[in-house]
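Each chain, written out:
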Amino acid sequence: DYQTFANNQQFRLLDYWRVLVKRVWVILGALAFMLAGAVIVSLRTTPMYRAEGQITINKENPNPLGFKDAYEEGDSGYNVNVDLATQVTVLNSASLALQAIRRLQPGEEPKGATSKAPDVNASTPLTGPLQLTEEQKAQLVGTFKHDLAVAVIPGTRVIQITYMSPKPRAAADT
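Residues numbered from 1 in each chain as written. Predicted model: local features only at pLDDT ≥ 70, side-chain atom pairs only at ≥ 80, totals over all residues. Heavy atoms only, no water.

Caption draft 1: Region of interest: the overall build of the protein chain. In terms of regular secondary structure, the protein chain is built from 6 helices and 5 strands. For the protein chain, the sequential pattern of α-helices and β-strands runs α-α-β-α-α-β-β-α-β-β-α. The buried share of the protein chain, taken over its 174 residues, is 17%. Here the analysis covers contacts within the protein chain between residues at least 6 apart in sequence; of these, 61% occur between residues at least 24 apart. When the accessible surface of the protein chain is split by element, carbon and sulfur atoms take 59% of a total near 14,100 Å². (Helix = DSSP H or I, 4+ residues; strand = E, 2+ residues; numbered from the N terminus. Buried < 20%, exposed > 50% of the residue type's maximum accessible area, 1.4 Å probe, protein only. Contact = heavy atoms within 4.5 Å. Areas by Shrake-Rupley, 256 points an atom, 1.4 Å probe, with all protein chains shown as cover.)

See below:
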C-alpha cells in the first residue's frame, strides 16, 4: 500500500516537472515581464523622506517663584488630556504652518507667492517681502498639513510629529 502511494506521488511530481520543462519559456517570460514592471514602477515612484520627532508636554508650574502663600499645590482642574489636545491643536494651526513654510524656504518664493511691488513694469525689480493671497496661503497650508501628522502617543504625555516630503532637506529641516 505504501509502495503504491510512493509510486503515485513520484508520478505526479514527474508530471509537474515535465509541465515546467515544457513551459519554461512562458514561465521565464512572465517572470521577466513582472521584473521589468517592478523596475519601471520603482524608477517612476518619487522617493518620500520622513522626519519624526517627539515632544514631551509637562504640567506648567503655576508658582515659578516658589511663593508658598500665592498658590496652593494641587491638581484641581488640571486635565492632562485637555493639555495635550491643546498642544496638538496649536501644532496643527495654520499660523504655525505658515511660519514653518517661510522658515523652510528662506531665499525662495513659495509656490504661488507674489512679490510686493507697487508699479511693476519690465525694468522694476521684484523685491520686498512676499505677499500671499488668502487662497495661496490656504493652498500652501493645506499642502503642508497633508504631509504633517501630529498625534498623542496613548497613555503618555508625548506628542509624535511626523513630516513626509519628496525633498530630503524639507523633511530633515521640519
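Caption draft 2: Fine view of the environment of Arg157. Relative to the assigned elements, Arg157 resides in the loop between strand 4 (148–152) and strand 5 (158–165). What makes Arg157 partly exposed here is its relative accessible area of 31%. It is 9.2 Å that separates the C-alpha atoms of Arg157 and Asp83, two residues lying 74 residues apart in sequence.

Caption draft 3: Geometry of the pattern of salt bridges. A complete count under the given rule lists 3 salt bridges for this structure. With its nearest N and O atoms 3.8 Å apart, the salt bridge here joins Asp15 to Arg18. Separated by 3 residues within a single helix, Asp15 and Arg18 lie in helix 1 (residues 2–22), roughly one turn from each other. Between Glu52 and Arg50 there is a salt bridge; the shortest N-O distance is 3.0 Å. (Salt bridge = Lys/Arg side-chain N within 4 Å of Asp/Glu carboxyl O.)

Caption draft 4: Layout of helix 4 (residues 94–104). Among the residues of helix 4, Ala97, Leu98 and Ile101 are the ones counted as buried. Considered in projection along helix 4, the buried side chains sweep an arc of 100 degrees and stay on one side of the axis. Exposed and facing more than 90 degrees away from the buried side of helix 4 are Gln99 and Arg103. In the core, the buried residues of helix 4 are packed alongside helix 5 (134–146). (Arc of directions from axis to C-beta.)

Caption draft 5: Structural context of helix 5. Its 13 residues give helix 5 an end-to-end C-alpha distance of 18 Å, which sits within 8% of 18 Å, the value for a rise of 1.5 Å per residue. The complete set of buried residues in helix 5 reads Gln136, Leu140, Val141 and Phe144. On an axial view of helix 5, the arc spanned by its buried residues comes to 130 degrees, and they lie on one face. What points out from helix 5, more than 90 degrees from its buried face, is the exposed set Glu134, Glu135, Ala138, Gln139 and His146. (Expected span 1.5 Å × (residues − 1).)

Caption draft 6: Expanded view of the sheet that holds strand 1 (residues 49–56). Reading across the sheet, the 3 strands line up as 1-5-4 and stay open at both edges, with antiparallel pairing between neighbours. Strands with a single pairing partner mark the edges of an open sheet, and in this sheet they are strand 1 and strand 4. On average, each strand axis in the sheet is tilted by 15 degrees relative to the strand beside it, whichever way the strands run. The sheet contact formed by strand 1 and strand 5 spans 8 bridges and is antiparallel. Residue Tyr49 lies in a different strand from strand 5, and its bridge partner there is Ser165. (Pairing = 2+ DSSP bridges. Axes fitted to C-alpha atoms, helices over the stretch in contact; angles between N-to-C directions.)

Caption draft 7: Broad picture of a nonpolar patch on the surface. On the surface, Val24, Trp25, Leu28, Leu31, Phe33 and Met34 cluster together into a nonpolar patch covering about 720 Å² of accessible area. Position of Phe33 relative to the elements: it lies in helix 2 (residues 24–44). By relative accessible area, which is 67% here, Phe33 ends up exposed. (Patch = residues over 30% accessible without salt bridge, like charges linked within 9 Å, V, L, I, M, F, W, Y side chains within 5 Å.)

Caption draft 8: Here's a closer look at the environment of Asn58. Relative to the helices and strands, Asn58 resides in the loop between strand 1 and helix 3 (80–91). A residue is classified by how much of its surface remains accessible, and Asn58, at 52% relative accessible area, is exposed.

Caption draft 9: Just the side chain of Gln160, in detail. Relative to the helices and strands, Gln160 resides in strand 5. At a separation of 3.2 Å, a polar atom in the side chain of Gln160 contacts the side chain of Glu52. Within the structure, the side chain of Gln160 is placed 2.7 Å from the side chain of Gln54, a separation counted as a polar contact. Residues within four places of Gln160 in sequence aside, it is in contact with Glu52, Gly53, Gln54, Ala149, Val150, Ala151 and Ile153. (Polar contact = N/O pair within 3.5 Å; in protein donor to acceptor, adjacent residues only side chain to side chain.)

Geometric values such as these leave the question of function open.
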